[in-house]
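# Report on the structure
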Amino acid sequence: SKGNHKHYMLKEIYEQPIVVAQTLRSYLKRMEGEVSLPIPEFDLSTIKRVTIVACGTSFYAGMVAKYWFEQFARVPVDLDVASEFRYRAPVMEDGGLALFISQSGETADTLAALRHAKAEGQKIAVVVNVPTSSMAREADLLLPTHAGPEIGVASTKAFTCQLAVLAALAANLARAKGLLSKEQEREIVRHLSEAPAALNGALAYDEAIEAMAHNIAGARDVLYLGRGTDYPLALEGALKLKEISYIHAEGYAAGEMKHGPIALIDEHVPVIVIAPSGPLFDKTVSNMQEVMARGGKVVLISDYDGIQAAGEGCMATITMPKVHPLIAPLVYAVPVQLLAYHVAVLKGTDVDQPRNLAKSVTVE
Ligand code: M6R
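Here's a quick rundown of the structure.

Cut-offs and rules
Residues numbered from 1 in each chain as written. Predicted model: local features only at pLDDT ≥ 70, side-chain atom pairs only at ≥ 80, totals over all residues. Heavy atoms only, no water. Salt bridge = Lys/Arg side-chain N within 4 Å of Asp/Glu carboxyl O. Helix = DSSP H or I, 4+ residues; strand = E, 2+ residues; numbered from the N terminus. Near = heavy atom within 4 Å. Polar contact = N/O pair within 3.5 Å; in protein donor to acceptor, adjacent residues only side chain to side chain. Areas by Shrake-Rupley, 256 points an atom, 1.4 Å probe, with all protein chains shown as cover. Nonpolar A, V, L, I, M, F, W, Y, C, P; charged D, E, K, R; others polar. Axes fitted to C-alpha atoms, helices over the stretch in contact; angles between N-to-C directions. Parallel < 35°, antiparallel > 145°, perpendicular 65-115°, else oblique. Contact = heavy atoms within 4.5 Å. Expected span 1.5 Å × (residues − 1). Buried < 20%, exposed > 50% of the residue type's maximum accessible area, 1.4 Å probe, protein only. Pairing = 2+ DSSP bridges. Right-handed = clockwise from strand over helix to strand, strands pointing away. Core = buried A, V, L, I, M, F, W, Y, C linked by side-chain atoms within 4.5 Å. 1 Å grid on protein atoms, 1.4 Å probe; cavity = no way out; pocket = protein on both sides within 12 Å on 5 of 7 lines; lining within 4 Å. Points joined across faces, edges and corners; volume = space filled by probe spheres on them. Phe/Tyr/Trp six-rings, centres within 6.5 Å; stacked < 30°, edge-to-face > 60°. Lys NZ or Arg CZ within 6 Å of the ring centre and 35° of its normal. Disulfide = S-S within 2.5 Å.

## Notes on the pattern of salt bridges
Taken as a whole and judged by the stated rule, the model has 21 salt bridges. Here Lys-11 ties to Glu-15 by a salt bridge, and the two come within 2.9 Å at their closest N and O atoms. For Glu-34, the salt bridge identified is with Lys-182, shortest N-O distance 3.6 Å. With Glu-34 in strand β2 (residues 34–35) and Lys-182 in helix α8 (residues 182–193), the pair connects residues that are 148 residues apart, well separated along the chain. Because the salt bridges share partners, they merge into one network encompassing Lys-29, Glu-34, Arg-175, Lys-182 and Glu-185.

Written out as C-alpha cells, the structure is:
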C-alpha cells in the first residue's frame, strides 16, 4: 500500500535509506571492512573487459558504473542501451563479462541482449530487483538489489539500489585485480555505509524542493547539467521530469554546453546544475556561469560549501549533505526524483501511471 504517501513514487523515494541499507548488507562486511559478493566463488580476477547493457534509468545506473569500473578496477567498459546493442555487431572479447541491469528482469531488449552475449560466450552478470525474473534465471552471476516491489512507473529506489550494488561490484573487481589495498577497501566500505544516512539527509530537503518546484512547473523546456558521475544523474533527472511531468527536458554533460545547446539558453529555460563539491566542481561551475552570463535561470544542487562558493546569482539552490564523491550519485538522485515528483503533482499528471508508459517493457 501507499501508506501515508499520496503516490507510490513518493513512498518509494522515501524508502531509499532503508532499501539501500538492506541491499548493501549483502555486499559489505561492515565489521571486517570488506566488500563481498553474494557468490564469493565467482572469479573476477580474469575479467578483461566489461560490457554494460540496460534501458532507461537502469542504463543510467550502468553509466555511473562505467566511471567506477574504470576508476577503481582499471577495466575497459563498453556501454550501450539494449535496443542498440542488439542490432549492432558488438565486439566482445573472450574473457569478458557482460553486465545487464534491470529492475524488472523482463525488459525485452535487455533480455535479448543478454541472450546474445551469452551465445557469444560472455560471462553473464545481472543486477536485478525481481529475483524470480528471466534475467535472474539466466545469469551466471546474480547480483540482486533488495529494493522490494517498485510500483511507480518512474524508477526511483531500484536506481539507488542498483548504484549500491554496482559500487560494491567495482570494488570487488578492483580487489580481485589486486588494485585495492586493505585500507582503500575499508575506506570504500565506510563511504558506502554512510549512504543510508546521507539519503535521509537528502530527504530532509523535500519541502524546500517542493517550494522550488513552482519555478519549474511553468517551463516548456528544462536542461540538466553535470560532469563525471553527475552527468548520468543529469540524464536521469531529465528522464524523470519528462516521463511524469511531460515537460521536455534534456540532460547534458556540462562541458558539452558550448558545443550547441547553449544556444537554447534564455530566461525561459531553467537549467538544473548538479555539482557536489569535489574534483570537478570548479569545471561545472564555470559552465554554469556561462549559462548565467546568457540570462539562463539556474538551480544549483550542491552541498553547503558548493552553494557558498557558487550559489550567488542562481534562481534557486538546493542544499545536499556533504558526502564522499563515491556516494554522491546515490544522494543526488533524491533531489532530481523529488523535483520531478513535485512538478508532476503541480501539473496534475498521473504520477504513478504516466501516459503511454508501462512499468515493464516486455515488447520491443
Ligand atoms: O525494468 P528495467 O529496469 O529493465 O526497466 C528499464 C526502463 O524501462 C525503466 O528504467 C524506465 O526507463 C523507467 N520508467 C524510468 O523511470
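Once you've had a look at it, read on.
## Observations regarding the site of the ligand
The immediate surroundings of the ligand are formed by 15 residues, with Ser-58, Ser-102, Gln-103, Thr-107 and Glu-243 found nearest. Ser-58 is positioned with one of its side-chain polar atoms (N or O) 2.6 Å from an oxygen atom of the ligand. One of the side-chain nitrogen or oxygen atoms of Lys-240 is found 3.0 Å away from an oxygen atom of the ligand. Taken by itself the ligand offers 420 Å² of open surface, and the protein chains cover 91% of this. Every element with two or more residues in the shell around the ligand is listed here: α3 (56–73) and α12 (230–245). For the shell around the ligand, the class distribution of residues is 5 nonpolar, 8 polar and 2 charged.

## A look at the packing of helix α7 (residues 157–176) against helix α15 (residues 328–347)
A pair of packed helices is captured by two measures, namely the crossing angle of their axes and the spacing between those axes. Closest axis-to-axis distance for the α7/α15 pair is 9 Å, and the angle between their directions is 175°. Relative to α15, α7 is oriented roughly antiparallel. Contact residues: Phe-159, Thr-160, Leu-163 and Ala-164 in α7; Pro-329, Leu-330 and Ala-333 in α15. Of the residues in the contact of α7 with α15, the class split is 6 nonpolar, 1 polar and no charged.

## A look at α8
Taking 1.5 Å as the rise per residue, α8 with 12 residues should run 16 Å; its terminal C-alpha atoms sit 16 Å apart, in good agreement. Those residues of α8 lying buried are Glu-185, Ile-188, Val-189, His-191, Leu-192 and Ser-193. Buried residues in α8 make contact with α2 (16–25), β1 (28–29), β2, α3, α7 and α9 (195–203).

## Let's talk about the pairing of strand β10 (residues 270–274)
For β10, a buried count of 5 out of 5 residues is recorded, marking the element as mostly surrounded by other parts of the structure. Going residue by residue along β10, you find Pro-270, Ile-272 and Ile-274 tucked away on one face and Val-271 and Val-273 tucked away on the opposite face as well. In this sheet, β10 lies alongside strand β8 (residues 221–226) in parallel orientation, the contact comprising 3 bridges. The residue of β10 that forms the bridge with Leu-223 is Val-271. Handedness of the crossover joining β10 and strand β11 (residues 297–303) through helix α13 (residues 281–293): right-handed.

## A few points about the nonpolar core
Residues Val-50, Trp-68, Phe-69, Leu-99 and Tyr-224 are the most contacted members of the largest nonpolar core, which totals 99 residues. Val-269, Val-271, Ala-275 and Ala-310 belong to the second-largest nonpolar core, a separate cluster that totals 19 residues.

## Some points on the layout of surface pockets
Taken as a whole, the largest pocket spans an internal volume of roughly 510 Å³. Taken together, 28 residues form the lining of the largest pocket, with Cys-55, Gly-56, Thr-57, Lys-359 and Val-361 sitting closest to its centre. Across the lining of the largest pocket, the residue classes tally to 11 nonpolar, 11 polar and 6 charged. Lining the second largest pocket we find 25 residues, and of these Gln-71, Thr-229, Pro-279, Pro-325 and Leu-326 sit closest to its centre. Listed by contribution, the elements that provide at least two residues to the lining of the second largest pocket are α3, α8 and α13. Residues of the lining of the second largest pocket, tallied by class, amount to 13 nonpolar, 9 polar and 3 charged.

## A few points about the sheet that holds strand β4 (residues 77–81)
If you walk across this open sheet you meet the 5 strands as β4-β3-β5-β6-β7, and the pairing is parallel. A single partner strand is all that each edge strand has here, and the edge strands are β4 and β7 (141–144). The average undirected angle you get between the axes of adjacent strands in this sheet is 15°. Bridge count for strand β6 (residues 123–128) against β7 is 4 bridges, and the pairing is parallel.

## Digging into the sheet that holds β11
Pairing is parallel across the open sheet formed by 5 strands, whose spatial order is β9-β8-β10-β11-β12. Strands with a single pairing partner mark the edges of an open sheet, and in this sheet they are β9 (248–253) and β12 (316–320). Across the sheet, the mean angle separating the axes of adjacent strands is 20° when strand polarity is ignored. Taken together, the 6 bridges between β8 and β9 define a ladder with parallel strand orientation. Bridge assignment links Leu-225 to a residue of β9, and that residue is Tyr-252. Of the strands in this sheet, β8, β9 and β10 touch α12, which is tilted by about 175° from β9.

## Observations concerning the packing of aromatic side chains
Scanning all chains against the criterion turns up 1 aromatic pair. Over the ring of Phe-42 we find Lys-123, and its NZ or CZ is 5.6 Å from the ring centre. When the ring centre of Tyr-246 is taken as reference, the NZ or CZ atom of Arg-355 above it lies at 3.7 Å.

## Section: the state of the cysteines
Applying the stated criterion across every chain, the model contains 0 disulfides. There is no disulfide at Cys-161, and the cysteine sulfur nearest it, in Cys-55, is 19 Å away. With relative accessibility at 0%, the residue Cys-161 sits in the buried group.

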